[in-house]
Amino acid sequence: NTYFAQVGEMIGPETLLEAHGFGGVREARLWAYAERFRDAGIAALVFDYRHFGASTGEPRQLLSIGRQQDDWRAAIAYARSLAGIDPDRVALWGTSFSGGHVVALAAEDGRIATATSQSPYTNRLAALAAAGPREAARLTVAGILDGLAALRGAEPMRIPVVAPPGRKGAMSQPTAYEGYRALFDDPDRFRNEVCGRIALTITSYAPDRRAADVRCPLLVCVLAEDEVTPAAPARAMARRAPRGELIDYGPGLGHFSIYVGEPFERTVADQTAFLRRNLGLEPAVEPG
């Protein structure tokens, strides 16, 4: 079962669905975005993927692209079933890995009203380039070992989601370890592991190929110095979408900069304006 959490009352027919990126859970500052969107008059519904956080599912920390996309479909269906919600005014919001998911889901579901893709995962070539050849080789080995463990019915072989540079982890760029932990009020609550088999299946995942099929307004927010999900393919993805919009936050910001402080304030304000404009909620509501 996937755990859904509503932020605020359903004050209008519009609702926004949010889920986190690679190995992320609701507590990793999704609440901050949800509260801002709620204050702008948009009902927010956040959820944890199965196998993570408050959701059920064994083995724990299993990242399955197919299952995560099914969880998005379940969240969309659930939102559309709520009293007072217009089923054709459901918006999607994703960040990092889920920034790719929302593009794929909006491409297949023509009723989605808008999609927001923040510092998105786009394709395997970009991900491998960001990881570097040495780390990519390490992750491939980890994926094979965990895949063999799954075939034997053995306990999964998990790897860190983030690690300091030079150590094995799905993300080991210079800012990744401390940047990810900073998303939690209590960093020690972050379960820093994921089943290694994702390293094998991620190589065929390229949500940017679906951008041309996204018919709703698509906002893509990129960071020029993003060391985890490179900006160039995300820019190209925005250009391919028929109603794509791109906001490029320029130099000086890395992958985890966008979640906190002034960069968070700037980006969430831009995203709120995009949502209100495309959901027919202008003029904007001042938070508070």
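Note that the structure is a prediction, hence the values are computed from the model and not measured.

Thresholds applied
Residues numbered from 1 in each chain as written. Predicted model: local features only at pLDDT ≥ 70, side-chain atom pairs only at ≥ 80, totals over all residues. Heavy atoms only, no water. Buried < 20%, exposed > 50% of the residue type's maximum accessible area, 1.4 Å probe, protein only. Helix = DSSP H or I, 4+ residues; strand = E, 2+ residues; numbered from the N terminus. Pairing = 2+ DSSP bridges. Polar contact = N/O pair within 3.5 Å; in protein donor to acceptor, adjacent residues only side chain to side chain. Core = buried A, V, L, I, M, F, W, Y, C linked by side-chain atoms within 4.5 Å. Salt bridge = Lys/Arg side-chain N within 4 Å of Asp/Glu carboxyl O.

> What should I look at first to understand the pairing of strand S8 (residues 218-222) in this one?
Within a regular beta strand, the side chains point alternately toward one face of the sheet and then the other, so they alternate between its two faces. Across the five residues that make up S8, a large majority, five, are buried. Inspection of the sheet shows strand S5 (residues 114-118) paired to S8 by four bridges, in the parallel sense. Bridge pairing links Thr116 to Leu219 in S8. Note: S8 against strand S9 (residues 244-248), five bridges, orientation parallel.

> Honestly, the environment of Asp48 in this entry has me stumped. Any pointers?
Turning to its location among the elements, Asp48 is positioned in strand S3 (residues 43-48). Taking the relative accessible area as the measure of exposure, Asp48 reaches 1% and is therefore buried. Along the chain, Asp48 and Arg191 lie 143 residues apart, while their C-alpha atoms are 13 Å from each other. In this structure the side chain of Asp48 is engaged in a polar contact, spanning 2.8 Å, whose partner is the backbone nitrogen of Arg26. A polar contact is formed between the side chain of Asp48 and the backbone nitrogen of Ala54, at a distance of 2.9 Å.

> Please explain the environment of Ala273 as it appears in this structure.
Of note, Ala273 is situated in helix H9 (residues 261-278). Considering only alpha carbons, one finds Ala273 and Leu125, 148 residues apart in sequence, at a separation of 32 Å.

> Sorry if this is basic, but what is going on with helix H1 (residues 30-39) here?
Each α-helix turn comprises 3.6 residues. Residues three or four places apart therefore point the same way. Listing the buried residues of H1 in full gives Leu30, Ala32, Tyr33, Ala34 and Phe37. Downstream of H1 by a residue or two, Gly41 has a phi angle that is positive, lying close to 95 degrees.

> So what exactly am I meant to see when it comes to the nonpolar core here?
A general tendency of soluble globular proteins is for nonpolar side chains to be buried together. If you look at the biggest cluster of nonpolar residues, it comprises 81 residues, and the most contacted ones within it are Leu17, Phe22, Trp72, Met171 and Tyr180. By residue number, the principal contributor to this core is helix H3 (residues 97-108), which donates seven residues.

> Sorry if this is basic, but what is going on with the pattern of salt bridges here?
Should the charged atoms of two oppositely charged side chains come close, the side chains can pair. In this structure the tally under the stated criterion is 19 salt bridges. The salt bridge involving Asp48 is made with Arg26; its shortest N-O contact spans 3.3 Å. Residue Asp48 is found in strand S3, and its partner Arg26 is found in the loop between strand S2 (15-19) and H1; the two are separated by 22 residues along the sequence. With its nearest N and O atoms 2.8 Å apart, the salt bridge here joins Glu245 to Arg277. You can see Glu245 sitting in strand S9 and its partner Arg277 sitting in helix H9, a full 32 residues away along the chain. What makes Arg277 partly exposed here is its relative accessible area of 42%. Through salt bridges with shared partners, a single network forms among Arg26, Glu27 and Asp48.

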